[in-house]
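Observations on the model geometry
If you want the building blocks of each chain, they are given just below.
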Amino acid sequence: MAAAEEGGAYGCPTLPLANGRSIPVLGLGTSHQGGYSHDAVVHALQKCGIRHIDTAKRYGCESLLQKAIKESGVKREDLWITTKLWHSDYGYENTKKACLESCERLGVEYLDLYLIHWPDAHVPGKSNREVRAETWRAMEELYEKGLCRSIGVSNFLISHLEQLKEDCVITPHVNQVEYHPFQRPQELVDYCRSRDIVFEGYCPLAKGEALTHPSVIQLAKKYGRTPAQICIRWSIQNGIVTIPKSTKAERIQENCKVFDFTIAEDDVDILNGMHDGRHVSWDPSLIV
């Protein structure tokens, strides 16, 4: 595989979505937390072979990404760009407007994937379910017009997805949720698979907490890898589209070198057994 020879994400495998498109299994997460690094994004695109960028309106770096993508020289058609709709823009008309604004900030004519960021709507006088359904109808329209090549949700649990199923026509192509050795929501993963929804995981290193766990350190030694590479490889082997985040070029390089080794089944089981239900990000379980 090219990835092994290049020592990066070149030739990164993809997973098929229900609509026939293919999403790279490894992406670069960007966010407002821990800052944004123009040089790191350019490095990821030019030197590491990263072709999947994940962002959101809430992170405030869409227009900065436009500059980094331009500078990298990578063609738009070779990229997978995901951004997300924040709850301040939920609702039918607002969603359509927000999508166009995100495209403008990113300097693109279409999005590869557009996600509803969070199941809580914060709209006075309307239920979350009502607002999610109205918002999703706009997403379906954006998809049908080709402005969004794929559409999905983020932080949605089975109950939220079941409601959407009753209220709408198109099944989300992706559900992006927190996923790492301490937070492995297998029931949700299985549910998504049963409905052909690709599961995407953020915070694969548990914001660094997984890197100091004795089992992860032990496996890193066994495979001659870093703890971060063990966590990312484990996530990918579990069939999860994985989006580690870093603002350091050398860390991004390290995070990409995960396609030239395989973790044995017994060791995957060890990592699977670390699940204790903790969240290092938002917990959507209280949202109806």
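Here the structure is a predicted model, which means the values were calculated and not measured. (Residues numbered from 1 in each chain as written. Predicted model: local features only at pLDDT ≥ 70, side-chain atom pairs only at ≥ 80, totals over all residues. Heavy atoms only, no water.)

Turning our attention to the pattern of salt bridges. Taken as a whole and assessed by the stated rule, the structure comprises 17 salt bridges. Residues arginine 21 and aspartate 112 are paired through a salt bridge, measuring 2.8 Å at the closest nitrogen-oxygen approach. Of the two residues, arginine 21 sits in the loop between β1 (14-16) and β2 (22-24) while aspartate 112 sits in the loop between α4 (92-106) and β6 (113-116), which places them 91 residues apart along the sequence. A residue is classified by how much of its surface remains accessible, and arginine 21, at 25% relative accessible area, is partly exposed. The shortest N-O distance in the salt bridge between glutamate 254 and arginine 251 comes to 3.2 Å. (Salt bridge = Lys/Arg side-chain N within 4 Å of Asp/Glu carboxyl O. Helix = DSSP H or I, 4+ residues; strand = E, 2+ residues; numbered from the N terminus. Buried < 20%, exposed > 50% of the residue type's maximum accessible area, 1.4 Å probe, protein only.)

Take the pairing of strand β8 (residues 174-178) next. Counting buried residues in β8 gives five out of five residues, a clear majority hidden from the surface. The pairing of strand β7 (residues 151-154) with β8 spans three bridges and is classified as parallel. Opposite serine 154, over in β8, you have glutamine 176 as the bridge partner. A crossover connection joins β7 to the parallel β8 through helix α6 (residues 158-167); in handedness this β-α-β unit is right-handed. In this structure, β8 lies alongside strand β9 (residues 198-202), joined through five bridges in parallel fashion. By the bridge assignment, glutamine 176 is partnered in β9 with glutamate 200. This β-α-β element, β8 to helix α7 (residues 186-194) to β9, shows right-handed connectivity. (Pairing = 2+ DSSP bridges. Right-handed = clockwise from strand over helix to strand, strands pointing away.)

Another point: the side chain of histidine 173. Along the chain, histidine 173 falls in the loop between α6 and β8. Contacts of histidine 173, omitting those with residues within four sequence positions, involve Leu17, Ala18, Asn19, Tyr143, Ser150, Ile151, Gly152, Asp196, Ile197 and Val198. (Contact = heavy atoms within 4.5 Å.)

What follows deals with the environment of isoleucine 116. Here isoleucine 116 is to be found in strand β6. Given the relative accessible area of 0%, isoleucine 116 is considered buried.

The subject of this paragraph is the sheet that holds β7. Ordered in space as β3-β4-β5-β6-β7-β8-β9-β10, the eight strands form an open sheet in which the pairing is parallel. Edge strands, defined here as strands with exactly one partner in the open sheet, are β3 (28-29) and β10 (241-243).

As for its placement among the helices and strands, threonine 55 is situated in the loop between β4 (52-54) and α3 (62-72). Excluding anything up to four places from it in sequence, threonine 55 contacts Thr30, Cys61, Glu62, Leu65, Thr82, Thr83, Lys84 and Leu106.

Right, let's get into the environment of tyrosine 90. Relative to the helices and strands, tyrosine 90 is located in the loop between β5 (80-85) and α4. Sequence-wise, tyrosine 90 and cysteine 168 are 78 residues apart; in three dimensions their C-alpha atoms are separated by 16 Å. When residues no more than four places from it in sequence are discounted, the contact partners of tyrosine 90 are Leu85, Thr95, Ile116, His117, Trp118, Asp120, Ala121, Val131 and Thr135. Engagement of the side chain of tyrosine 90 in a polar contact is seen with the backbone oxygen of tryptophan 118, the distance being 2.6 Å. (Polar contact = N/O pair within 3.5 Å; in protein donor to acceptor, adjacent residues only side chain to side chain.)

Taking every second residue as pointing to the same face, both faces of β7 are buried, with Ile151 and Val153 on one and Gly152 and Ser154 on the other. A crossover connection joins β6 to the parallel β7 through helix α5 (residues 128-145); in handedness this β-α-β unit is right-handed.

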